[in-house]
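Residue-level structural notes
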Amino acid sequence: MGDVRNDPVLPAKPTITLGLSGLSCPAPLLGAKRVLDDLEAGQVFVNQFFAGGVEPNISLKLTQLGIGVDRAACVDNLRRILERGRAQGFFIRIDMENSPWTQLTLDIFQTVWDLGYRNVGVVLQASLYRSEQDVVALNALGARVRLVKGAYKEPATIAHQRKAEVDAAFLRIMRRQI
């Protein structure tokens, strides 16, 4: 199937080299400069992804790009990453963080989508009540959405609290994506 090894381009996370076509392997990276440096310096890594039939797919968090400091700077950092990623065949997925960042994350996703970037997608958390409506809006755009159950402990006013509720919400949202 392939090998798992620690790659000098991504020292914090193992990379997976697979000889199977059509598989995606997200590579989480930290910080805008780090992502840009890795995209530039990691061309060997990129070539290995392509040679192995794996789509280069990077996940990042907007807090790593400065969302908590300055929205415009965060958008600019993300735009530069998307530009570089588009040139090198990368898909960039914006991870969803805890609920204080949800609306701003979706707003920034919408901003870069409106600027014409299609090598970008976003994550939704099934545990949040709002995700059932968010997926409708994202589907209308034709955006790529990754659905997760959600790892953050959120208040009952905005999120399901029981596993069975989260599982049911996950299935409802997933059906909307099909």
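Residues numbered from 1 in each chain as written. Predicted model: local features only at pLDDT ≥ 70, side-chain atom pairs only at ≥ 80, totals over all residues. Heavy atoms only, no water.

Considerations on the pattern of salt bridges
Within this structure, the stated rule accounts for nine salt bridges. In this structure, the salt-bridge partner of D95 is K61, at a minimum N-O distance of 3.9 Å. Of this pair, D95 sits in the loop between β5 (91-94) and α4 (102-114) while K61 sits in the loop between β4 (54-60) and α3 (71-88), placing them 34 residues apart in sequence. On the basis of relative accessibility, which here comes to 26%, the residue K61 falls in the partly exposed class. Salt bridges sharing common partners tie together K61, D95 and R146. (Salt bridge = Lys/Arg side-chain N within 4 Å of Asp/Glu carboxyl O. Helix = DSSP H or I, 4+ residues; strand = E, 2+ residues; numbered from the N terminus. Buried < 20%, exposed > 50% of the residue type's maximum accessible area, 1.4 Å probe, protein only.)

Thoughts on the confidence of the model for the protein chain
Here the protein chain shows a mean pLDDT of 81. Residues at 70 or above account for 70%. Between residues 1-25, whose pLDDT stays under 50, and residues either more than four places distant or in other chains, the model counts 56 contacts. (pLDDT = per-residue confidence, 0-100. Contact = heavy atoms within 4.5 Å.)

So, the pairing of β5
Consecutive side chains along a regular strand alternate between the two faces of the sheet. Residues F91 and R93 point to one face of β5 and I92 and I94 to the other, with burial holding for every one of them. Here β5 runs beside strand β6 (residues 120-125); their pairing, made up of three bridges, is parallel. Bridged to I92 within β6 is V120. Regarding the hand of the β-α-β motif, the stretch spanning β5, α4 and β6 is right-handed. (Pairing = 2+ DSSP bridges. Right-handed = clockwise from strand over helix to strand, strands pointing away.)

Topic: helix α6 (residues 163-177)
The terminal C-alpha atoms of α6, which comprises 15 residues, lie 21 Å apart, in line with the 21 Å expected from a rise of 1.5 Å per residue. Among all positions of α6, only V166, A169, F170 and I173 are buried. Along the axis of α6, the buried positions cluster into a sector of 105°, meaning they face one direction only. Those residues of α6 that are exposed and angled more than 90 degrees off the buried face are A164 and R175. Where the residues of α6 are buried, they touch α5 (131-141) and β7 (144-148). (Expected span 1.5 Å × (residues − 1). Arc of directions from axis to C-beta.)

Things to note about a nonpolar patch on the surface
A cluster of nonpolar residues, L171, M174 and I178, forms a patch on the protein surface that exposes about 310 Å² of accessible area. Along the polypeptide, M174 turns up in helix α6. For M174, a relative accessible area of 31% corresponds to the partly exposed category. (Patch = residues over 30% accessible without salt bridge, like charges linked within 9 Å, V, L, I, M, F, W, Y side chains within 5 Å. Areas by Shrake-Rupley, 256 points an atom, 1.4 Å probe, with all protein chains shown as cover.)

Considering the packing of α4 against α5
The geometry of α4 relative to α5 is characterised by a closest axis approach of 12 Å and an angle of 5° between their N-to-C directions. Taken as axis vectors, α4 and α5 run roughly parallel relative to one another. Contacts between α4 and α5 involve L106, F109, Q110 and W113 on the former and, on the latter, D134, L138 and L141. Residues of the contact of α4 with α5, tallied by class, amount to five nonpolar, one polar and one charged. (Axes fitted to C-alpha atoms, helices over the stretch in contact; angles between N-to-C directions. Parallel < 35°, antiparallel > 145°, perpendicular 65-115°, else oblique. Nonpolar A, V, L, I, M, F, W, Y, C, P; charged D, E, K, R; others polar.)

Topic: the nonpolar core
Ranked by size, the top nonpolar core spans 32 residues in total, and within it L62, L78, F109, V120, L124 and L138 carry the most contacts. For this core, the elements supplying multiple residues, two or more each, are β4, α3, β5, α4, β6, α5, β7 and α6. When residues no more than four places from it in sequence are discounted, the contact partners of V120 are L82, F91, I92, I94, F109, V112 and W113. (Core = buried A, V, L, I, M, F, W, Y, C linked by side-chain atoms within 4.5 Å.)

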